[in-house]
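Breakdown of the fold
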Amino acid sequence: MLQRINLEHILFLDIETVPEFEHFEALDDEKKELWAQKSKYQRKDDYTAEEYYERAGIWAEFGKIVCISVGYFNFKNDLRTFRTTTFHGEEASLLKAFKNLLNTHFSSPKHLLCGHNAKEFDFPYIARRMIIHGIELPYKLNLFGKKPWEIPHLDTMELWKFGDFKHYTSLKLLANILGIASPKDDIDGSQVRSVYYEDKDIDRIIIYCEKDVVTTAQVFLRLSNEALLNENEIKKV
């Protein structure tokens, strides 16, 4: 079934997020209380609301997107390339730039968005942050009134589940078991906040994010029984 999908019609993506503010103290009193309520179940009695705030980036109501990396296939003269690029900077601006990409180059009904665990995290997070910033949702992210088969989203984790809704597999684990080379990263997802706020090194975050986009595309190729990308086929634009 996956072999019927034209690879050039898929936009692979990944996002990196951090808490909206560097420190808990920057929240007003009402937002502090709302955060305490929102995080109560996850942190239980192990952490105070303030101590747990460093993890606020996983919630769109208390976090923000610092970059959206995308990748797409191109076939020309029997040569295959996979091109990556990243939107970063002030959140509203990067969201508008990403929306413009969707509305200009990936607006056709045949175009699909694909990420790993993206239906649970990336897609809704982007949509929620757009709404918070007063940005009208692009067609590819506006799910209101759509039937399940009309939603233009693919998710490599969902594809790997094969209907098992209880099963979670990280991108790193999936790459490992499918024989996909995983480059040694100097950071992981838990370190993005500190790299962004303390080191102020967005370039490291972008490299990390783009590697995840490439790995997601590689997983999709394996699930489609296609040849993996080699280093020469991957181009940054």
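Residues numbered from 1 in each chain as written. Predicted model: local features only at pLDDT ≥ 70, side-chain atom pairs only at ≥ 80, totals over all residues. Heavy atoms only, no water.

Looking at the packing of helix α3 (residues 91–104) against helix α4 (residues 122–132)
This is how the line gets drawn: To define axes, lines are fitted to C-alpha atoms, for helices over the stretch in contact only, and angles between the resulting N-to-C directions are given on a 0 to 180 degree scale. Strands here mean DSSP runs of E at least two residues long; helices mean DSSP runs of H or I at least four residues long; both are numbered from the N terminus. In this scheme, a crossing is called left-handed if the near helix is turned counterclockwise away from the far one by less than a right angle; it is called right-handed if the turn is clockwise. Residue contacts follow a heavy-atom distance rule, with two residues in contact if any of their heavy atoms lie within 4.5 Å. Each residue gets one of three labels, nonpolar for Ala, Val, Leu, Ile, Met, Phe, Trp, Tyr, Cys and Pro, charged for Asp, Glu, Lys and Arg, and polar for the others, Gly among them.
It is the contact of α3 with α4, at a shortest axis distance of 10 Å, that shows an interaxial angle of 115°. The way α3 lies across α4 gives a crossing that is left-handed. Here E91, L95, F98 and K99 of α3 come into contact with α4, specifically with I126, R129 and M130. For the contact of α3 with α4, the class distribution of residues is 4 nonpolar, no polar and 3 charged.

Regarding the pattern of salt bridges
Selection criterion: Within this document, salt bridges are pairs made up of a side-chain nitrogen of Lys or Arg and a carboxyl oxygen of Asp or Glu, the two lying within 4 Å of each other.
Taken as a whole, this structure holds 7 salt bridges when the rule is applied. Notably, a salt bridge pairs R80 with E233, separated by 3.0 Å at the nearest N-O pair. Of this pair, R80 sits in strand β3 (residues 79–88) while E233 is found in the loop between α8 (202–223) and β6 (234–236), placing the two residues 153 residues apart along the sequence.

Some words on α4
Note the following rule: For every residue, the accessible area obtained with a 1.4 Å probe (protein chains only) is divided by the maximum for its type, and the residue is called buried under 20%, exposed over 50%, and partly exposed between those limits.
By the criterion of burial, α4 is predominantly enclosed, with 8 of the 11 residues buried. Taken together, the buried positions of α4 are occupied by D122, F123, P124, Y125, I126, A127, R129 and M130. Contacts made by the buried residues of α4 are with β1 (10–19), β2 (63–76), α3, β4 (112–115) and β5 (153–155). Once α4 ends, the next one or two residues include G134, with phi positive near 75°.

Regarding the sheet that holds β3
Stated precisely, the cut-off is as follows: Two strands are counted as paired when DSSP detects at least two bridges linking them.
A sheet is described by the order of its strands in space; here 6 strands give the open sequence β5-β4-β1-β2-β3-β6, paired in mixed fashion. The open sheet terminates on both sides in strands that have one partner only, identified here as β5 and β6. Pairwise comparison of adjacent strand axes, ignoring direction, gives a mean angle of 30° for this sheet. Where β1 meets β4, 3 bridges bridge the pair, whose relative direction is parallel. The partner of F12 across the bridge, within β4, is C114. Sitting on the sheet, α3 is in contact with β1, β2, β3 and β4, with an inclination near 25° to β2.

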